[in-house]
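# Inside the fold
If you want the building blocks of each chain, they are given just below.
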Amino acid sequence: MVHVSEDKRALRRRLVAARRARDPEARAAAGRALREELMSLDRMGIAGTVAAYYSVDCEPETHGLVLALWKHGATVLLPVLLGDDDLDWGAYEGPDSLVPGPRGTYQPAGERLGVDMVRRCDVVIAPALAVDRRGTRLGRGAGSYDRALSRASSAALTVALLYDDEVLDEVPAEPHDRRVRAAATPSGVRWFD
Ligand SMILES: Nc1ncnc2c1ncn2[C@@H]1O[C@H](COP(=O)(O)OP(=O)(O)OP(=O)(O)O)[C@@H](O)[C@H]1O
Ligand SMILES: [Mg+2]
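Overview of the structure. (Residues numbered from 1 in each chain as written. Chains lettered and ligands numbered in written order. Predicted model: local features only at pLDDT ≥ 70, side-chain atom pairs only at ≥ 80, totals over all residues. Heavy atoms only, no water.)

### Focus on the pairing of strand S12 (residues 188-191)
- With four bridges joining them, strand S11 (residues 182-185) and S12 adopt antiparallel strand pairing. Within S12, the position partnered with Thr185 by the bridge is Gly188. (Pairing = 2+ DSSP bridges. Helix = DSSP H or I, 4+ residues; strand = E, 2+ residues; numbered from the N terminus.)

So this is what it looks like as structure tokens:
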């Protein structure tokens, strides 16, 4: 498996460099398009509880999506990064409910709800650097979302958010890697089931 993790590292470097080359307006535009795509999904409209994330750096913008989900009436959970890279969860209660977290992140200021809260989510929105045509997901390399996705309900919609050119033919995978059921890009949602 050593070669797979090296392949992942090389692919991450390339993808992060490409993301950094995008200008802020492109990130914001991608975020607006993703918000439209996701909010128009039937599954999102009826979701009671959604695990989302608050974008940082050169990720496609998700702040507007998080606000839209909350205004729509969903219970929106955001991750709280733990010391072992696992994810705890807290409720988003509007932009004022966030405080700065590690590595430039923002985290919910309120109660920590526990790593198992993700089991109750109807939708799990995951960050990713790439997804392949089978739904194999490449993240930043902590395994945080492999752990969270392994707890998600089999009925949940698990969806990664990406720029258009990050849906690849094949992404290197190890046994612990968890697939997503869909990838949302500014040009639409692809389903892998
Ligand atoms: N279920 C797990 N329990 C404990 N550690 C795990 C688990 N899954 C993955 N990891 C750890 O995370 C490391 C990185 O995993 P991987 O390269 O798949 O990250 P990633 O999927 O790119 O990142 P992320 O999921 O955080 O976005 C693995 O080498 C492993 O040590
Ligand atoms: Mg992984």
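### What about the nonpolar core?
- Membership of the largest hydrophobic core comes to 46 residues, with the highest contact counts inside it found for Trp89 and Ile125.
- The residues contacting Ile125, other than those within four sequence positions of it, are Met44, Val50, Ala51, Ala52, Tyr53, Leu65, Leu69, Tyr145, Val159 and Leu161.
- If you look at the next biggest cluster of nonpolar residues, it comprises eight residues, including Leu11, Leu15, Ala130 and Val171. (Core = buried A, V, L, I, M, F, W, Y, C linked by side-chain atoms within 4.5 Å. Buried < 20%, exposed > 50% of the residue type's maximum accessible area, 1.4 Å probe, protein only. Contact = heavy atoms within 4.5 Å.)

### Section: the site of ligand 1
- Around ligand 1 lies a shell of 14 residues, among which Arg12, Arg137, Ser144, His176 and Asp177 are the nearest.
- Here an oxygen atom of ligand 1 and a side-chain polar atom of Lys8 are 2.9 Å apart.
- Here Arg12 contributes a side-chain N or O atom positioned 2.8 Å from an oxygen atom of ligand 1.
- Calculation on ligand 1 without its partners gives an accessible area of 640 Å², and the protein chains cover 69% of this total.
- Counting residues per element, the ones that place at least two in the shell around ligand 1 are helix H1 (2-20) and helix H5 (144-151).
- Element by element, the count of residues in the shell around ligand 1 is highest for H5, at four residues.
- Among the residues forming the shell around ligand 1, the class breakdown is two nonpolar, five polar and seven charged. (Near = heavy atom within 4 Å. Polar contact = N/O pair within 3.5 Å; in protein donor to acceptor, adjacent residues only side chain to side chain. Areas by Shrake-Rupley, 256 points an atom, 1.4 Å probe, with all protein chains shown as cover. Nonpolar A, V, L, I, M, F, W, Y, C, P; charged D, E, K, R; others polar.)

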